[in-house]
Amino acid sequence: MTSAGQTRMTDPDDRASIDRFRAGVIRETTLFARKELGVEESTGHDWWHVDRVRMVALNIAECEGADPYIVELAALLHDIEDYKFSGSDEAGPRAAAEWLISLGVEDEVTKEVAGIIRWMSFRGAKVEEVPLSLEGECVQDADRLDAIGAIGIARVFAYGGHVKRPIHNPDMAPDLHTSAESYVTSKGTSINHFHEKLLLLKERMKTPTGRRYADSRHERLVEFLRDFDAEWTGAK
């Protein structure tokens, strides 16, 4: 594979060469992410999650005028060595950068993708977020959209079971975490996670398209919790 860093956009042939190179990078990165994350992983952070985020992020990017190449690469690589499993904020960005460097991707693109991955995750209700580029906002919104709605509900309980969270304990109040450490180490319930994160995401969408997508997915969360509470208390 020819290094993209060695190409020049001086004529149409060079543009075509860059397009072919980038298509190859996307193809190889897709195979890499699918292999690393797997299709049978049971926490909700599997290849299928990444594939959904990739598709939604590209839809948002098209509407918002973002660079689809950077968006797709960041979406594909965003859960490799994720901090929830690696225990390191730097492992994911470092793994993404190493992979892209191995393919000969330009330094500027590599740094942008690694930076998006480093700062896109939710780290607590009261933890200030680092501003992202438009491309980063597209990926962040898509990742958050996959955490709400019908699929988001399923993922809450898949991950909750994995980390041995109780489904619900009415004596345990939600905790609006003030630090990333307290959020990551939280032992709260799966239902509390709705209040600690999921119900907050609609208002934290960065792009107009992301906000539009979030409306109906947020309503599914509200409806689910209404039904859950009614059934828990025996009201229906």
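Help me understand the packing of helix α5 (residues 91-102) against helix α6 (residues 107-119), please; the structure alone is not making it clear to me.
Each pair of packed helices can be described by the angle between their axes along with the distance between the axes. Put simply, α5 and α6 touch, their axes get as near as 8 Å, and they point 160° apart. In terms of their interaxial angle, α5 and α6 are classed as roughly antiparallel. Crossing of α5 against α6: the hand is right-handed. Every residue of α6 that contacts α5 at Gly92, Pro93, Ala96, Ala97, Leu100 and Ile101 is listed here: Thr110, Val113, Ala114, Ile117 and Arg118.

Looking at this model, I keep getting lost on the nonpolar core. Mind explaining?
The tendency in soluble globular proteins is for nonpolar side chains to be buried side by side. Leu77 and Val113 are the most contacted members of the largest nonpolar core, which totals 56 residues. Top element by residues in this core is helix α3 (residues 68-77). It accounts for eight residues. Contact partners of Leu77, with chain neighbours within four places excluded, come to Thr29, Phe32, Ala96, Trp99, Leu100, Val113 and Ile117.

I would appreciate a short explanation of the packing of aromatic side chains in the present structure.
Pairs of aromatic rings are described using the distance from one ring centre to the other and the angle between the two planes. One pass over the structure, following the stated rule, counts seven aromatic pairs. Pairing Phe224 with Phe228 gives two aromatic rings, centres 6.0 Å apart and planes at 45°, and the pair type is tilted. Separated by four residues within a single helix, Phe224 and Phe228 lie in helix α11 (residues 208-232), roughly one turn from each other. For Phe224, a relative accessible area of 24% gives the class partly exposed. Overall, the relative accessible area of 17% leaves Phe228 in the buried class. Between Phe228 and Trp232, the aromatic rings sit 5.7 Å apart at their centres with planes inclined by 20°, giving stacked as the arrangement. With Phe228 and Trp232 both in helix α11, this residue pair falls four residues apart, about one helical turn. Each residue in the set Phe157, Phe194, Phe224, Phe228 and Trp232 is aromatic and connected to the rest through ring pairs, giving one cluster. For the cation-ring pair, Arg118 lies above Trp119, with the distance from its terminal atom to the ring centre recorded as 3.9 Å.

Definitions and cut-offs
- Residues numbered from 1 in each chain as written.
- Predicted model: local features only at pLDDT ≥ 70, side-chain atom pairs only at ≥ 80, totals over all residues.
- Heavy atoms only, no water.
- Axes fitted to C-alpha atoms, helices over the stretch in contact; angles between N-to-C directions.
- Helix = DSSP H or I, 4+ residues; strand = E, 2+ residues; numbered from the N terminus.
- Parallel < 35°, antiparallel > 145°, perpendicular 65-115°, else oblique.
- Left-handed = near helix turned anticlockwise from the far one by under 90°.
- Contact = heavy atoms within 4.5 Å.
- Core = buried A, V, L, I, M, F, W, Y, C linked by side-chain atoms within 4.5 Å.
- Buried < 20%, exposed > 50% of the residue type's maximum accessible area, 1.4 Å probe, protein only.
- Phe/Tyr/Trp six-rings, centres within 6.5 Å; stacked < 30°, edge-to-face > 60°.
- Lys NZ or Arg CZ within 6 Å of the ring centre and 35° of its normal.

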